[in-house]
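# Tertiary structure, described
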Amino acid sequence: MVAMKMQINGKAAGSCGGECFDVRNPATCELLEQVPRGTEEDVALAVEAALSAFEGWASISPQQRGMVFYRAAGLVRQRKEELAALLTQEQGKPLAEARNELEGFSHVLEYYCGLAGSLRGDFIPVTGNGYSFTVKKPLGVCAAIIPWNMPALIMGWKIAPALISGNTFVLKPASSTPLTNLTLASILNEAGLPAGVLNVVTGSGEIAGESLVRSPDVRKISFTGESGTGKRISELAASGMKRVTLELGGSDPMIVCDDANLESAVAGAIRGRFYNCGQTCTAVKRLYVFESVAREFIRKLEEGVKRLKVGNGLDKDTDMGPLNNHSQFEYIKELVAGIEEKGEGRIIAGGKAPSFKGMGKGYFFEPTLVSDVPGDSRLLKEEVFGPLLPIVTVRNLDEAIEEANRSIYGLGASIWTKDLDRIRMGCEQLNAGIIWVNQHLKVAPEVPFGGVKESGFGRENGPDILSEYLETRTIMLKT
Ligand code: NAD
């Protein structure tokens, strides 16, 4: 086995002569690679490389920076099949989803390449004081710590706005999915990114992650992960007066009204919940359906869910792969065990780990539906990051919105109806960062994305994100 190395200053760094950790395929538990367990010293080297590269990168035009993205997006497309297979093997998702994610990564790079020409300050006349203007300056070294559910797409969301604005970067991938991130970083270097502009340090959250947040030379941290980890990072960053963006957990509600197109709502719920084996921050995690259509909706949903094929993501006909890691697998098993005995609902589909002949001991779990869930159930309070959908029936939209808002999270929410008054009410009263109407899950680099309450603060994507990576310098000119 050839161990994959970290990338510091444009070169492979660290070796498993030092300490390393295993990256395993969650469908088989087979060892894929060994990757260095980055230390505080490795983080310091990566930050130093980013600091040395800063002046050069900041001094070239945004358009030149954008051209590197443009070339890298093309290279990722050329190598999509190879990269998709790598992503599927380390993350577990079906190949079609992996291809989709890599296409998303290229699209993010191209979007920011397009924004390169829009970086600008303002010209402001000041009465009695001549003219003033603002110029935008990059912050310096920025960093991101990312999770394992969408490693390629989230890497794109983090690095692209930072780099196009002239910052340099250190990325810490999740321990179970560093391979695609390391490969994408080397593709960016091949596309012309100068050495040191993007560095990747692998390792644990406690050592590599915290060292990065503590580093005095890192001016901004963008974090995606659990709300608890986000709070810890926020505390550490506050003492260094660093900017922070926190994209945290979610427990998105989906509301199905009695006038909704039930076929498309069923398809939306299945995709919204079981895409990526339910491990998506904006997955449908709570479903509220009007009681007058509940029976028909649940019957159609059950039929659709029972048709989903669970298997190794590399197999062509797989609809849903395994959970990504052992602790996720144990969490879902523990959550499902005794649901009925504890009065937390009725399992109407799935509910156990299936067994696959000859497939080793992967982290597979059946797509699971739980109906008759009481309002105070754990299934509605926690962020269920896996293939389990709790279903609650409601009398009307007032009740649905009240229940939907009864969560510590506020990432996304969707309402399914043809009625304009209901749409308006949902858009105004649902407390979430993104509201979908007659769809759920879709995110795009063109629109701002992020949550309220314990889902975090700050936004990613959209043109305004650039201000998160730039300082405004005011110049007051008197002639
Ligand atoms: P996690 O918080 O356990 O880990 C995320 C990253 O943080 C990993 O790289 C990990 O190594 C690192 N980390 C852990 N402890 C750390 C510490 N003390 N200091 C610094 N870094 C540390 O989350 P996860 O289990 O990898 O991901 C799943 C979570 O991510 C879910 O809650 C999901 O909703 C959330 N998520 C949110 C979004 C969003 O945009 N809001 C997107 C995807 C995932």
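The following refers to the structure shown. Keep in mind the model is a prediction, meaning the values are calculated, not measured.

On to the sheet that holds strand β13 (residues 284-290). Hydrogen bonds between backbone groups are what pair the strands of a sheet, and the pairing can be parallel or antiparallel. Here seven strands make up an open sheet; going across it, the order is β14-β15-β16-β13-β12-β18-β19 and the pairing mixed. Single-partner strands in this sheet number two, and they are β14 (346-349) and β19 (434-437). The mean angle between the axes of side-by-side strands here comes to 25 degrees, regardless of whether they run parallel or antiparallel. One ladder, built from three bridges, connects strand β15 (residues 368-371) with strand β16 (residues 388-394); its direction is parallel. Of the residues in β16, the one forming a bridge with V370 is P390. Contacts from helix α14 (residues 420-429) reach β13, β18 (412-416) and β19 within the one sheet, and its direction differs from that of β19 by about 165 degrees.

Attention now moves to empty space enclosed by the protein. Tallying each qualifying case throughout the model produces two cavities of 30 Å³ or more. Of the pockets and cavities examined, the largest cavity occupies roughly 60 Å³. Taken together, 16 residues line the largest cavity, and the ones lying closest to its centre are P253, R286, A404, Y409 and N431. Those elements giving two or more residues to the lining of the largest cavity turn out to be β12 (252-256), β17 (409-410) and β18.

Considering only enclosed or pocket space, the largest pocket measures out at about 1,100 Å³ in volume. Surrounding the largest pocket, 47 residues form its lining, P147, W148, A174, E226 and N325 being those nearest its centre. For the lining of the largest pocket, the elements supplying multiple residues, two or more each, are β3 (20-24), α7 (205-214), β10 (218-224), α8 (227-239) and α11 (326-336). With six residues, α8 is the single largest residue contributor to the lining of the largest pocket. Of the residues that constitute the lining of the largest pocket, the class distribution is 19 nonpolar, 18 polar and ten charged. Composition of the lining of the largest pocket by domain shows at least three residues from each of domain 1 (6-248 + 455-477) and domain 2 (252-444). As for the second largest pocket, its lining consists of 28 residues, of which N100, L153, L441, K442 and V443 are closest to the centre. Going through the elements one at a time, α4 (95-115), α5 (151-164) and α9 (262-274) are the ones with two or more residues in the lining of the second largest pocket. The greatest single-element share of the lining of the second largest pocket, amounting to five residues, is contributed by α4. Tallied by class, residues from the lining of the second largest pocket come to twelve nonpolar, eleven polar and five charged. The two domains that each donate at least three residues to the lining of the second largest pocket are domain 1 (6-248 + 455-477) and domain 2 (252-444).

Conventions adopted
Residues numbered from 1 in each chain as written. Predicted model: local features only at pLDDT ≥ 70, side-chain atom pairs only at ≥ 80, totals over all residues. Heavy atoms only, no water. Pairing = 2+ DSSP bridges. Helix = DSSP H or I, 4+ residues; strand = E, 2+ residues; numbered from the N terminus. Axes fitted to C-alpha atoms, helices over the stretch in contact; angles between N-to-C directions. Contact = heavy atoms within 4.5 Å. 1 Å grid on protein atoms, 1.4 Å probe; cavity = no way out; pocket = protein on both sides within 12 Å on 5 of 7 lines; lining within 4 Å. Points joined across faces, edges and corners; volume = space filled by probe spheres on them. Nonpolar A, V, L, I, M, F, W, Y, C, P; charged D, E, K, R; others polar. Domains from an automatic or database assignment.

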